[in-house]
Amino acid sequence: MNSLVKEGTRAVIYSRVSTREQAEQGYSIESQLKLLHEFAKENRIDIVKEFIDVESAKTAGRTQYTEMSRFLKQNTTVKTILCEKTDRLYRNFYDYVALDIDQSGLTIVLVKMNAVLNRESRSHEKLVHGLKVLLAKNYIDNLKEETSKGMLEKAEQGEFPHRAPLGYKNNIETHTVEVDPIQAPLVRRMFELYATGTYSIDTLREKMADEGLRSRGGRKVHRSEIAAILVNPMYHGSFRWRKRLFKGIHEPLISKDLFDEVQRVLKRFVKPRRTKLDFPFRGLL
């Protein structure tokens with residue numbers, strides 16, 4: 001492989017870990033960078049920039065990956081990418097096509113796999129490389145499928161399988177949903193106030209902001225979030241997942257009677273949209 005990478009070649013390094021937990025453990029990114037820098041030193045390759053992503057690659061559009069593509073287009077004297085192996089560089093076809101070695105003239109060096117890919121590579125080498133990308137994509141699809149099954153099973157057992165809504169919090173150790181002692185009383189009061197029929201969504205939003213209700217980012221809760229909370233069955237002990245209603249094992253914040261009363265008040269404010277023409281039976285449903 002060394003003979004295919006000329007001394008003095010200007011290159012960038014790309015490394016990635018799939019989760020922030022991996023990065024915090026400190027073994028993956030550091031080991032990748034050490035391997036790539038040692039290879040560059042041994043082969044007298046000039047590293048001009050590093051790009052590091054700490055996020056999933058199951059969808060296109062990784063921040064530093066996109067930045068690297070932009071950098072390579074703007075700096076035409078840099079045509080080489082050093083990376084540990086195939087699934088560190090890309091796991092979806094969009095990224096594979098974006099770095100099309102035949103069109104871009106790039107050279108991709110997969111150090112751990114002892115492989116160099118560029119437009120001069122043999123068709124068999126490109127085929128093997130493409131198959132490895134396909135296998136990486138299959139791994140992501142299978143992981144997604146298994147995760148989806150696990151989340152559905154969790155829902156069937158009464159455990160909410162997603163991020164907890166305002167008023168609750170996720171326990172990362174037990175993987176359960178718990179009542180948020182600070183926000184829960186405010187969310188409960190919001191239901192109680194709206195059930196009186198004297199508040200609109202906008203006036204309720206201002207009232208709750210005055211009483212201290214805030215989103216997780218610390219800002220005032222948006223009116224659309226208020227509306228979503230008021231129709232969310234999670235607060236009376238159930239939850240929706242994949243268009244199905246499940247009975248939850250989490251602690252309800254309000255009674256089912258209060259929730260139903262809020263739904264009745266909400267319907268009073270839902271009016272058919274007015275048009276210039278008066279159609280028969282308009283508004284009936």
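Residues numbered from 1 in each chain as written. Predicted model: local features only at pLDDT ≥ 70, side-chain atom pairs only at ≥ 80, totals over all residues. Heavy atoms only, no water.

## Structural notes on unusual backbone geometry
This is how it is decided: Under the DSSP-based scheme used, a helix requires at least four consecutive residues in state H or I and a strand at least two consecutive residues in state E, with every element numbered from the N terminus. Think of it in three bands: residues with accessible area under 20% of the maximum for their type are buried, residues over 50% are exposed, and the middle band is partly exposed, with areas taken using a 1.4 Å probe on protein chains only.
Positive phi outside glycine occurs at Arg44, with the angle close to 55 degrees. Topologically, Arg44 is positioned in the loop between α2 (28–42) and β2 (46–54). When its relative accessible area of 58% is taken as the criterion, Arg44 is described as exposed. At His175, a position not held by glycine, the phi torsion is positive, near 60 degrees. Turning to its location among the elements, His175 is positioned in the loop between β6 (168–171) and β7 (176–179). A residue is classified by how much of its surface remains accessible, and His175, at 52% relative accessible area, is exposed.

## Some thoughts on helix α9 (residues 201–211)
Going by this rule: When we speak of the arc, we mean the arc of directions from the helix axis to the C-beta atoms.
Taken together, the buried positions of α9 are occupied by Ile201, Leu204, Met208 and Ala209. Projection of α9 onto a plane perpendicular to its axis shows the buried side chains occupying an angular sector of 135 degrees, all on one side. Once α9 finishes, Gly212 follows within two positions and takes phi at roughly 110 degrees, a positive value.

## A word on the nonpolar core
For clarity, the cut-off: To qualify as a nonpolar core, a set must consist of buried Ala, Val, Leu, Ile, Met, Phe, Trp, Tyr and Cys residues joined through side-chain atoms within 4.5 Å.
Core analysis: the largest hydrophobic core is formed by 35 residues, its most contacted members being Phe191 and Leu230. Among the secondary structure elements, those contributing two or more residues to this core are α8 (184–195), α9, α10 (223–230), β8 (238–241) and α11 (256–269). In this structure, Val12, Leu99, Ile101 and Ala115 belong to the second largest nonpolar core, which totals 20 residues.

## Focus on the confidence of the model for the chain
Going by this rule: Here pLDDT means the predictor's own confidence in every residue, given as a number from 0 to 100.
The predicted model of the chain has a mean per-residue pLDDT of 85, with 85% of residues at 70 or higher. Ranking the helices and strands of the chain by mean pLDDT puts α8 first, with 97, and helix α1 (residues 20–25) last, with 48.

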